[in-house]
There are 2 protein chains.
Amino acid sequence: MRITGDQYLIKKINKSIVFDTIRQNHPISRAQISETTNLNKGTVSSLVKDLIDDNLVYEIGPGESSGGRRPVMLLFNHVAGFAIGVDLGVNYILTVLTDLEGNPVEEIRTTLENISFDSVISTLFQSIRTLIERAPDSPRGIVGIGIGVPGIVEEKGTVLFAPNLGWKNVNLSEIVKKEFQLPVTVHNEANAGAIGEHLFGAGKDTKNLVYVSVGIGIGTGIIINNDLYKGALGFSGEMGHSVIESHGKKCRCGNRGCWELYASERAFLEQAKTLSIDSADSTEEFNLDWYLQAANEGNDEVIRLFHQAGEYLGIGLTNIVNTFNPELIIIGNRFAKAEKWISQPIRRIVENRALPYHRGHMKIAFSSLGAHSCALGAASVSITNFFSDMKISVE
Amino acid sequence: MRITGDQYLIKKINKSIVFDTIRQNHPISRAQISETTNLNKGTVSSLVKDLIDDNLVYEIGPGESSGGRRPVMLLFNHVAGFAIGVDLGVNYILTVLTDLEGNPVEEIRTTLENISFDSVISTLFQSIRTLIERAPDSPRGIVGIGIGVPGIVEEKGTVLFAPNLGWKNVNLSEIVKKEFQLPVTVHNEANAGAIGEHLFGAGKDTKNLVYVSVGIGIGTGIIINNDLYKGALGFSGEMGHSVIESHGKKCRCGNRGCWELYASERAFLEQAKTLSIDSADSTEEFNLDWYLQAANEGNDEVIRLFHQAGEYLGIGLTNIVNTFNPELIIIGNRFAKAEKWISQPIRRIVENRALPYHRGHMKIAFSSLGAHSCALGAASVSITNFFSDMKISVE
DNA sequence: CCAGTTTGTTTAATCGATAGACAAACTATT
DNA sequence: AATAGTTTGTCTATCGATTAAACAAACTGG
C-alpha cells in the first residue's frame, strides 16, 4: 500500500528540508532558511521550534547584522547522540564512535589473534561496549551500530558467506542487537566503504561513484544518485569476480579469469613469490608492507610487479567506466597504499581503453579516509536511519 | 532549490495515486479505490472528478453489486491521446502509434535504401507524419514522440556517436521537435528496449533487470528499481565494450577483447565466413537468417558456431549477474532469433560461472516483444512524460 | 416487504502552509 | 541624538486539502 499524502506528510517533508538545511549550512538564521528553502518565515519558525524541542537544533545567540535586526543563529546539535561503526576485518577490528555529523570521536583498533567465531564475537562485543561507555552523555544516546564485513551480506543483516572469516549464514545483526538492544545494520565492507567515501571522503558532492576496495580480494560499492545500489537481493557489486580473461586461471568462485585473480593484494603476493629476492632471506615475512618498502628503496623487480597490478586494475576499472559511466572511481582498502606505484599504470590503461565519451568526464581518486572509510560509512548508515525514523514520527 | 510541501503537493501525490490505481486496476469503483489506497471516500470522489474533467478517466456504468448499491465503474481513457515510438535501425525504420496504455495501434516499417543523412531524416519525417494523420481523434492528440537510436545519446537528445548510421553530434531531438512541434525524446536503442520489455514484455513486474540487445554490436539497458539507470552523464551501459579477454583482439573502440567481438551478430558472421559452406555457393547472401535456416536444416558446423556464440554471451552475462544481481536478464534484438541454439549454452555457462548467491534467484529470458521492444519503449517514455507533466499542472 | 449492506456525496472539523501585518532590534544618515 | 530604513522573527486571518461521520440512494436476501 502506497503512502498517501496528508498534512502530516507535508510537515514531515518540510521538517526534513529545514533540518537538512541547518545541518548543511549551520550556523544559519531562520530568515536565511526561509530564503533558501522558499518556505514561509512562519513555517520555518514553527518547524525550528519542533527541532529545538527534539534536541536536534539549538540557538547559539545573535549573529552579525546585515543592516537590521541581528539574526538568531541556529546550530545542528551534532552531539545530540552518537553512532558506532565497525570495520570487521580479517585479522583486525576497527571500531569508531562518531557524533551525528559522522565525525570520529573515539576509536579502538584490535588485532585478532584468535579467529575462532566465539573469540571474534567476544572481541567485537568488548570493543563496542567500551565505546558505549566512553560516549559522552547526550539526550539521544547511542542511536545505532553499523558493521562492515568482508563477505556477502543479505539485506536483513545475515552474513551469507565470508570466506576469509570462515563464516556462513551468520545472523550478525540479530546477535549484536540482542546484546546491546540497539538498532544494528550489517553491510558488505566495500558497500560501507563506498558510503563512507561518498559522505566524508573523496566522493563528497559526487552523485554517482564506484568505490573499489582492493584488499585480499576486490569488492565494489556502487553509489547511484547519492544512494547505494543494492541489487535485487541486496548483494550487488561483486565485480571482483568479473571475467577479464575468459580462458584464464580457475577461481575459487567457480568462474575463470576473474579480475581479482590478477589485480588484488593476494594476486600480487602470489606473483611476488616468484621474485628472486624471496629466496635471499626466508625468515622475513613478505607481506604488502614489506614490498612497499622494497619499492620505495628502488627495487626494480617489485616496482615492475606493482606496475603490472596497476595495469590489471586499469582493465577492470575500464569495464566499470563503460558500464556505469560514473563521475568518480575511488580506489580504497589496503592496496591503495601502493598509490605511488599503481596510479600511473591505472590511469594510462583507462585513458587508452575506456570509451571516449565516458572517460572524458570521469576522475580516478584514491581513498581519502584511508583505513576508516568502512567504519565511518557503517556508522553513517545508523545515523541516516536514525534521522529517517525520527522524521517518520513527526507526530 | 528543493520542492517544499504544501496542499498542492498533497493533491498532486494523491491524484497520481488514484490515477495509477485506476490505470492498473480498471474497471474499478470509487469505493474500491478508497479501500486499496486508504484514501478517504470523499477524497477519492473529488480526485476522480478532476480526472474525469481531465478526460483521462470516464464512467462505464454500474458494475456488479456485492450485496448493496451497485458501484459506478471507472475506466482509464486509454485513447485520450496517442504516442509515437520509433526504432531507428541501421537499415530500417519501425514507427509505431500507441494509445496511452502503450498498446500498438498502427505501425509502419520502412527499409532504408539510401542511408544518407537527409534521406534517413526525410523517411523518418514521412513515417511519423503518416502516423500522426492516421491517429484517431482524441481530446489530447499526440502527446509525444520517442526515438531509439543505435548509438550514444546525451540526455537532451543529441546523438553523440552512432557509428552504424555514420552520425556524430546530431541534435535529433531538436530536429524532430522543430518539424512537428511536439515533445520529443531520444534514447539509446538498448535503453529503449529495456524500458519496453520492462513495461510490456518479459520484464513486467520485475524491479531490477538488464536488457541485452544483441545485434551487430551488443548494448545493454539497465532497469534499477523500476527506473532506467542513466549514469552520471546519461550514457551508461556500454557493456558490449567490457573486456572479457584482456589481451584479445583489438576493437574499434580502442580497447582489446571487448565482449561484442566474441558474442555479437557481427562476430558470428565473421566467424561463419571461415566455414566450408561459404565457398560452395558465393552468389547467395550469407546473413543471419541464412545461417538460422542452415541450423534448422541440421548443419552441424553452423550449429556449433551458434553454440560458441552462446557460450561467449554467457561469459558476459555472468559478469552482468555478478555486477548487478538482477532478477532477470532479457536477451533481445536480432540475435535473439537464435534462441533455439544459444539458450542452452548461455544457461550452462551462467550456471557454472556466476556466484551461487546471485544465480539462484535470477532468470534469463528472451525478448517477448521481438522487434518491437525499442519502438514501444520509446513511445512509453513519451507517455510517462506526458503523465508526469500533467500531474505537475494540478491547477 | 423490510432489514441490512454498499456506494458515493455532503458537511463540519482539523491541520499545515501562506501572505501580510507587526513589533523588536539594528544600521546608516543627517 | 534623532530619524528613516532594513532585517528578523512572531502573530493572525485565510486558504485548501484531508478526514470522519452523517446521509441518501441503490441494491440484495430472507
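Source: prediction; values computed, not measured. (Residues numbered from 1 in each chain as written. Chains lettered and ligands numbered in written order. Predicted model: local features only at pLDDT ≥ 70, side-chain atom pairs only at ≥ 80, totals over all residues. Heavy atoms only, no water.)

Engineer: How would you sum up the overall build of chain A? Please name residues and give values.
Structural biologist: Per the secondary structure count, chain A includes 14 helices and 16 strands. Over its C-alpha atoms chain A spans a radius of gyration of 24 Å, differing by no more than 12% from the 21 Å that the globule rule assigns to 395 residues. Relative to its full complement of 395 residues, chain A shows a buried share of 57%. When contacts within chain A are restricted to residue pairs at least 6 apart in sequence, long-range pairs at least 24 apart make up 61% of them. (Helix = DSSP H or I, 4+ residues; strand = E, 2+ residues; numbered from the N terminus. Rg over C-alpha atoms; globule rule 2.2 N^0.38 Å. Buried < 20%, exposed > 50% of the residue type's maximum accessible area, 1.4 Å probe, protein only. Contact = heavy atoms within 4.5 Å.)

Engineer: Residue-level account of the domain arrangement of chain A, with values.
Structural biologist: Residues and elements named next belong to chain A. Along its sequence, chain A is organised into domain 1 (7-76), domain 2 (82-195 + 374-392) and domain 3 (204-368). If you average the C-alpha positions of domain 2 and of domain 3, the two centres end up 26 Å apart. Taken together, the contact between domain 2 and domain 3 spans 14 residues of the former and 17 residues of the latter. Between domain 2 and domain 3 lies a buried interface of about 1,200 Å² when both sides are counted; carbon and sulfur atoms form 57% of it. Its largest share of buried area at the contact with domain 3, domain 2 owes to Glu155, Asn191 and Ala194, together 35% of the area lost on that side. Counting every contact that joins domain 2 to domain 3 gives 0 salt bridges. Counting across the interface, domain 2 meets domain 3 through 2 residue pairs in polar contact (both at pLDDT 80 or more). Counting only elements with at least two residues in the side of domain 2 that touches domain 3, the list comes to strand S8 (152-153) and helix H6 (189-200). With 6 residues, the top contributor of residues to the side of domain 2 that touches domain 3 is H6. Looking at the side of domain 2 that touches domain 3 residue by residue, the classes come out as 7 nonpolar, 4 polar and 3 charged. (Domains from an automatic or database assignment. Buried area = accessible area lost by both parts, 1.4 Å probe. Salt bridge = Lys/Arg side-chain N within 4 Å of Asp/Glu carboxyl O. Polar contact = N/O pair within 3.5 Å; in protein donor to acceptor, adjacent residues only side chain to side chain. Nonpolar A, V, L, I, M, F, W, Y, C, P; charged D, E, K, R; others polar.)

Engineer: Please give an account of the interface of chain A and chain B that cites residues and values.
Structural biologist: With 61 residues of chain A at the contact, the number on the chain B side is 61 residues. Approximately 5,100 Å² of surface area, both sides summed, lies buried where chain A meets chain B, with 56% of it carried by carbon and sulfur atoms. Along the contact surface separating chain A from chain B lie 0 salt bridges. Taken together, chain A and chain B are joined by 17 residue pairs in polar contact (both at pLDDT 80 or more). Residue assignment for the side of chain A that touches chain B shows that the elements contributing at least two residues are helix H1 (7-25), helix H2 (30-37), strand S9 (159-162), strand S13 (218-224), helix H11 (300-324), helix H12 (339-353) and helix H13 (356-359) of chain A. Class assignment of the residues belonging to the side of chain A that touches chain B gives a composition of 26 nonpolar, 26 polar and 9 charged.

Engineer: Go over unusual backbone geometry, please, and point to the residues and values.
Structural biologist: Peptide bonds are, in most cases, trans, and in most cases residues other than glycine have a negative phi. All names here are of chain A. Residue histidine 26 is joined to proline 27 through a cis peptide bond whose omega torsion reads 0°. Within the secondary structure, proline 27 sits in the loop between H1 and strand S1 (28-29). With a phi close to 70°, asparagine 38 is a non-glycine residue in the positive phi region. Examined against the element boundaries, asparagine 38 turns out to sit in the loop between H2 and helix H3 (41-53).

Engineer: How would you sum up the relation of the copies chain A and chain B? Please name residues and give values.
Structural biologist: Superposition of chain A onto chain B requires a rotation of 180° combined with a translation of 0.0 Å along the rotation axis, giving an RMSD of 0.0 Å. In symmetry terms, the pair is related by a two-fold rotation axis. (Least-squares fit on C-alpha atoms with pLDDT ≥ 70 in both.)

Engineer: Describe the protein's contact with DNA strand C, naming the residues involved and giving the relevant values.
Structural biologist: Not every one of the 27 residues close to DNA strand C is listed here, only the nearest: A:Asn40, B:Gln7, B:Ser45, B:Arg69 and B:Val72. If you look at DNA strand C and keep only atoms within 4 Å of the protein, 66% of those are sugar or phosphate atoms. In the model, a base nitrogen of DNA strand C is placed 2.7 Å from a nitrogen or oxygen of the A:Asn40 side chain. For the surface near DNA strand C, the elements supplying multiple residues, two or more each, are H1 of chain A together with helix H2 (30-37) and helix H3 (41-53) of chain B. If one sorts the elements of the surface near DNA strand C by residue count, H1(A) sits on top with 5 residues. Within the surface near DNA strand C, the residues separate by chemical class into 6 nonpolar, 15 polar and 6 charged. (Near = heavy atom within 4 Å.)

Engineer: Describe in detail the sheet that holds strand S6 (residues 104-111) of chain B, supporting the description with residues and values.
Structural biologist: Pairing between sheet strands relies on hydrogen bonds along the backbone, with the strands arranged either parallel or antiparallel. All names here are of chain B. Taken in spatial order, the 5 strands of this open sheet run S6-S5-S4-S7-S11, and their pairing is mixed. With one partner strand each, in any of the chains shown, S6 and strand S11 (184-188) form the two edges of the open sheet. Strand after strand, the sheet turns through a mean of 15° between neighbouring axes, direction not considered. Judged from the 5 bridges that link them, strand S7 (residues 142-149) and S11 form a sheet pairing that is parallel. By the bridge assignment for S11, isoleucine 145 is matched with valine 184. Packed onto the sheet, helix H4 (residues 117-134) meets strand S4 (82-88), strand S5 (92-99), S6 and S7 and runs at close to 25° relative to S5. (Pairing = 2+ DSSP bridges. Axes fitted to C-alpha atoms, helices over the stretch in contact; angles between N-to-C directions.)

Engineer: Can you tell me about the packing of H1(A) against H3(A), naming the residues and giving the values?
Structural biologist: All names here are of chain A. At a minimum axis separation of 10 Å, H1 and H3 run at an interaxial angle of 75°. Taken together, the axes of H1 and H3 are roughly perpendicular relative to one another. Only Leu47, Val48, Asp50 and Leu51 of H3 make contact with H1, whose side of the interface consists of Lys11, Asn14, Lys15, Val18, Phe19 and Ile22. In terms of residue class, the contact of H1 with H3 is built from 6 nonpolar, 1 polar and 3 charged. (Parallel < 35°, antiparallel > 145°, perpendicular 65-115°, else oblique.)

Engineer: Tell me what's going on with the nonpolar core, and back it up with residues and numbers.
Structural biologist: In this structure, A:Phe268, A:Phe306 and B:Phe306 are the most contacted members of the largest nonpolar core, which totals 105 residues. With near-sequence residues (within four places) excluded, B:Phe306 lies in contact with B:Phe268, B:Leu288, B:Tyr291, B:Leu292, B:Ala295, B:Phe335, B:Ala338, B:Trp341 and B:Ile342. (Core = buried A, V, L, I, M, F, W, Y, C linked by side-chain atoms within 4.5 Å.)

Engineer: Got a sec to walk through the packing of aromatic side chains? Specific residues and values, please.
Structural biologist: Centre-to-centre distance and the angle between the planes together describe a pair of aromatic rings. Residue and element names in this part refer to chain A. Taken as a whole and judged by the stated rule, the model has 27 aromatic pairs over all chains. Ring centres 5.2 Å apart and planes at 65° place the aromatic pair phenylalanine 117 and tryptophan 167 in the edge-to-face group. Taken together, the residues span a long stretch of sequence, with phenylalanine 117 in helix H4 (residues 117-134) and tryptophan 167 in strand S10 (residues 167-170) at a distance of 50 residues. Assessed through its relative accessible area of 32%, phenylalanine 117 is described here as partly exposed. Geometrically, the ring pair formed by phenylalanine 125 and phenylalanine 180 is edge-to-face, given 5.6 Å between the ring centres and 85° between the ring planes. Taken together, the residues phenylalanine 125 in helix H4 and phenylalanine 180 in helix H5 (residues 172-180) connect sequence positions 55 residues apart. Under the relative-accessibility criterion, phenylalanine 125 is labelled buried at 13%. By the ring-pair criterion, three or more aromatic residues cluster together here, those being Phe268, Trp290, Tyr291, Phe306 and Phe335. (Phe/Tyr/Trp six-rings, centres within 6.5 Å; stacked < 30°, edge-to-face > 60°.)

Engineer: Pulling in residues and values, what's your account of the protein's contact with DNA strand D?
Structural biologist: The local shell around DNA strand D holds 27 residues, among which A:Ala31, A:Ser45, A:Arg69, A:Val72 and B:Asn40 are the closest. Per the 4 Å cut-off to the protein, sugar and phosphate atoms form 67% of the nearby atoms of DNA strand D. At 2.7 Å from a phosphate oxygen of DNA strand D is found a main-chain nitrogen or oxygen belonging to A:Ala31. One of the side-chain nitrogen or oxygen atoms of B:Asn40 is found 2.7 Å away from a base nitrogen of DNA strand D. Sorting the residues of the surface near DNA strand D by element identifies H2 and H3 of chain A together with helix H1 (7-25) of chain B as the ones contributing at least two each. No other element matches H1(B), which puts 5 residues into the surface near DNA strand D. By residue class, the composition of the surface near DNA strand D is 6 nonpolar, 15 polar and 6 charged.

Engineer: Which residues make up the pattern of salt bridges, and what are the values?
Structural biologist: Should their charged atoms come close, side chains of opposite charge can pair. All names here are of chain A. By the definition in use, this model includes 19 salt bridges over all chains. Between aspartate 20 and arginine 23 there is a salt bridge whose closest N-O contact spans 3.2 Å. With a gap of 3 residues between them, aspartate 20 and arginine 23 both fall in helix H1, about one helical turn apart. One salt bridge in this structure joins arginine 129 and glutamate 179, with 2.5 Å as the shortest N-O distance. Of this pair, arginine 129 sits in helix H4 while glutamate 179 sits in helix H5; the two residues are 50 residues apart in sequence, bridging distant segments of the chain. Residue arginine 129 is classed as partly exposed on the basis of its relative accessible area, which comes to 30%. Owing to a relative accessible area of 36%, glutamate 179 belongs among the partly exposed residues under this scheme.

Engineer: Just give me the short version of the confidence of the model for chain A, but keep the residues and values in it.
Structural biologist: Taken residue by residue, chain A gives an average pLDDT of 88. The fraction at 70 or more is 93%. Confidence, read as mean pLDDT per element, is least for helix H9 (residues 276-280) of chain A in chain A (57) and greatest for strand S4 (residues 82-88) of chain A (97). (pLDDT = per-residue confidence, 0-100.)

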